[in-house]
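Here's the letter readout for the chains.
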Amino acid sequence: MTVCAMLNQQGGHVLFGVTPDGNMTGQQVSERTIEEVSAEIRRIDPPGFPAVERIPVAGDREVIVIGVSQGPARPYQYRGTAYRRVGNATLAMPAEEYNRMLFERMHSERRWENQPASGWSVEDLDAAEIRRTVEEAIRRGRLEDPGTREPAELLRGLGLFREGILWRAAVVLFGDSQRVEFEMPQCLLRVARFRGVDRTEFLDNRQFHGNAFVLLKAAERFLRETLPIAGRIEGDRFDRIDEPLYPTLAMREALANALCHRDYAIGGGSVGVAVYDDRLEVTSSGTLHFGLTPNKLFEPHESLPWNPLERFQFNWVHIQLP
C-alpha cells in the first residue's frame, strides 16, 4: 500500500528491518523473502517498477529498501484500491483525487488537441499565417528552414499534420475564423470595460471568434483602444514618449498564455479580458492540473503544459505580433 501511495505522490522509500525509532536492526533475508516482496509489488496496477535493494547491517541481517519516484502513469492501485500518503499514514485515495489523476493520465495519452479535425483540410487554414509563423520561428533561431513554404509540409514539420490527418490544434491556431465560429465555438474571446472596480456596470462589452492569432490581435487592439496612455517629454528627445498603463510585453505574455494554456475541450469555454478602474484581468477556461495550486505556481515547479502543440507553435511568434 505504501509503495502504491508513494507512486501516486512524490515518491519515497520503504524500509524493512528498521524500528519505528529509526534503529536499523535488519532481518533475515532470503531469496524467498525477495520473491514475496516482488510478488506484492506486482499487485500494483499499472506496473510501477520500484528499485529493491538489500543493505547489510550486522552479521547476516539485512535491511530491504524499496525506492520509488513519482509514477508517470498515475493513479496507481494496489489490490484494486488507490492510496495516498498523509503525513506518515497511508490512506485510501478519495474518489475525486483518483478521478482527477485518471483524467490527467488519459489526457497525456489522448489529448483534445491531437485528435483529428473532422471535416477540415489544409485548404481550410490561413496559409499566410502558417508561413508567417514558420518564418518568424526561423528568424528567431527556433526552427531550421525546412526549404519549403507549402502549408501542408510546414504543418507536417510542426507536428500538426500527420499521415494525411489534420489535428485540431492546427484549426485552433490557423483555422478560417468564420468556420471556426460555428464548428469550434470555444475559440472565443470576451472583452469588457467595467465602470469602477466590480462588474456592476460595463462601458464596453464585445465578443470575437477566430483562431488563436486572430483572438490575440483582437485582444491587443481592444487594450490599445481602452487603456489610458501616459505621455512624457524627456530633455534629449524631440518627440513625446507614450506608454500604456500596463507594460506591453506583460499584457502580451498574459494574453498568449491564456490562449495556449486553456482547456479547449470545454465547449463553452473562452478567454476573457476585463478592464476595471484599478486592474486588468485576463482569464481562461479550465482548472489547474497535475497537482498544481496557485501557491505552487510561485515556487519552482515542472512545466507541464496542457496543450503542448498550441503552446510550442504559438509562443514562437506571439511577442513579435504588433
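If you're wondering where the values come from, they're calculated on a predicted model, not measured in any experiment.

## Description of the packing of aromatic side chains
Summed over the entire model, instances satisfying the criterion amount to three aromatic pairs. On the basis of an interplanar angle of 20° and a centroid distance of 6.1 Å, the ring pair of Trp 112 and Tyr 264 is categorised as stacked. Here Trp 112, found in the loop between α3 (95-109) and α4 (127-139), pairs with Tyr 264, found in the loop between α9 (248-261) and β15 (271-275); they are 152 residues apart in sequence, far enough to count as distant. Take Trp 112: its relative accessible area is 17%, and that puts it in the buried class. Note on Phe 194 and Tyr 276: the rings are 5.1 Å apart at their centroids and 15° apart in plane angle, and the pair reads as stacked. In this pair, Phe 194 is assigned in strand β11 (residues 188-195) and Tyr 276 in the loop between β15 and β16 (280-284), connecting sequence segments 82 residues apart. Taking the relative accessible area as the measure of exposure, Phe 194 reaches 6% and is therefore buried. With relative accessibility at 4%, the residue Tyr 276 sits in the buried group. Of note, Arg 179 hangs over the ring of Trp 120, and the distance from its end group to the ring centre comes to 4.1 Å. Above the ring of Tyr 264, the side-chain terminus of Arg 262 is found at 4.2 Å from the ring centroid.

Analysis parameters
- For every chain, the first residue of the written sequence is number 1, and numbering continues from 1 along that sequence.
- Local features in this predicted model are restricted to residues whose pLDDT is 70 or higher, and side-chain atom pairs enter the listing and the counts only when it is 80 or higher, whereas totals over whole chains, interfaces and linings include all residues.
- With hydrogens and water set aside, each side-chain value is computed from the structure's full complement of heavy atoms.
- Within 6.5 Å between ring centres, the rings of Phe, Tyr and Trp (the latter by its six-membered ring) count as paired, and their orientation is classed by plane angle as stacked under 30 degrees, edge-to-face over 60, tilted in between.
- Numbering of helices and strands starts at the N terminus; helices are DSSP runs of H or I of at least 4 residues and strands are runs of E of at least 2.
- Relative accessibility under 20% of the residue-type maximum defines a buried residue, over 50% an exposed one, and the middle range a partly exposed one, all with a 1.4 Å probe and only protein chains included.
- For a lysine, the NZ atom is tested; for an arginine, the CZ atom; a charge sits over a ring if that atom is within 6 Å of the ring centre and within 35 degrees of the ring normal.

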